[in-house]
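# Understanding the architecture of this molecule
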Amino acid sequence: MDALIPWQLLEDRIRPFYPKAGRGRQPFPLSAMLRVHCIQLFYNLSDPGTEDLLYESNPVRRFVGLKLSDPLPDETTILRLCLNRRRQLCPNQPRRPPHRRRSQVEDHRPGSG
């Protein structure tokens, strides 16, 4: 995967939006979280499924760059990464897909017209 994916280019693009260490919980390394997100996309995993895979698969942990003795991101951390990245990199994207907007759903109820 290292030969196919320009990791450094992606990290440089995401870094301005990635949380910085401060008063709260220390963020996971950007390179690890980017790889976690890619694993989630490659295998079409849910956030809990991604967390389980990190605990169960040594090759996946190695790909991500974390050891079992390291703290591993939980499903909420994975969810927040994806939500924050989408909001910051695509600020004009609607919160709901167009086919699920409330006004359209209400207009097409049975017996409404």
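Residues numbered from 1 in each chain as written. Predicted model: local features only at pLDDT ≥ 70, side-chain atom pairs only at ≥ 80, totals over all residues. Heavy atoms only, no water.

## With respect to the overall build of the protein
For the protein, the count of helices and strands is six helices and zero strands. Split into buried and exposed, the 113 residues of the protein put 28% on the buried side. Pairs at least 24 residues apart make up 48% of the contacts formed inside the protein by residues separated by at least 6 positions. For the protein, the computed accessible surface area is about 8,400 Å², with 53% contributed by carbon and sulfur atoms. (Helix = DSSP H or I, 4+ residues; strand = E, 2+ residues; numbered from the N terminus. Buried < 20%, exposed > 50% of the residue type's maximum accessible area, 1.4 Å probe, protein only. Contact = heavy atoms within 4.5 Å. Areas by Shrake-Rupley, 256 points an atom, 1.4 Å probe, with all protein chains shown as cover.)

## Examining the pattern of salt bridges
Evaluated as defined, the whole model comprises two salt bridges. With a shortest N-O distance of 3.6 Å, Glu11 and Arg15 are connected by a salt bridge. Assessed through its relative accessible area of 11%, Glu11 is described here as buried. Salt-bridge contacts for Arg15 lead to Asp12; the nearest nitrogen and oxygen are separated by 3.9 Å. Given the relative accessible area of 37%, Arg15 is considered partly exposed. Salt bridges sharing common partners tie together Glu11, Asp12 and Arg15. (Salt bridge = Lys/Arg side-chain N within 4 Å of Asp/Glu carboxyl O.)

## Observations concerning the packing of helix α1 (residues 7–14) against helix α2 (residues 30–43)
Between α1 and α2, the shortest axis-to-axis distance is 10 Å and the interhelical angle comes to 105°. Between α1 and α2, the interaxial angle falls into the category roughly perpendicular. On α2, the residues touching Trp7, Leu10, Glu11 and Ile14 of α1 are Leu30, Ser31, Leu34, Arg35 and Cys38. By residue class, the composition of the contact of α1 with α2 is six nonpolar, one polar and two charged. (Axes fitted to C-alpha atoms, helices over the stretch in contact; angles between N-to-C directions. Parallel < 35°, antiparallel > 145°, perpendicular 65-115°, else oblique. Nonpolar A, V, L, I, M, F, W, Y, C, P; charged D, E, K, R; others polar.)

## Some details on the nonpolar core
By size, the foremost hydrophobic cluster in this structure holds 20 residues, and its most contacted members are Trp7, Tyr18, Met33, Leu54 and Val64. Elements with a contribution of two residues or more to this core: α1, α2, α4 (58–64) and α5 (75–89). When residues of this core are assigned to their parent elements, the largest contribution, seven residues, is made by α2. Those residues in contact with Met33 that sit more than four places away from it in its chain are Tyr18, Phe28, Pro73, Thr77, Ile78 and Leu81. (Core = buried A, V, L, I, M, F, W, Y, C linked by side-chain atoms within 4.5 Å.)

## Overview of a nonpolar patch on the surface
A cluster of nonpolar side chains, namely Met1, Leu4, Leu41, Phe42 and Tyr43, defines an oily patch on the protein surface of about 600 Å² accessible area. As for its placement among the helices and strands, Met1 is situated in the segment before α1. (Patch = residues over 30% accessible without salt bridge, like charges linked within 9 Å, V, L, I, M, F, W, Y side chains within 5 Å.)

## A look at the environment of Glu11
Assignment of secondary structure puts Glu11 in helix α1. Here the alpha-carbon distance between Glu11 and Leu34, two residues 23 residues apart in the chain, equals 7.5 Å.

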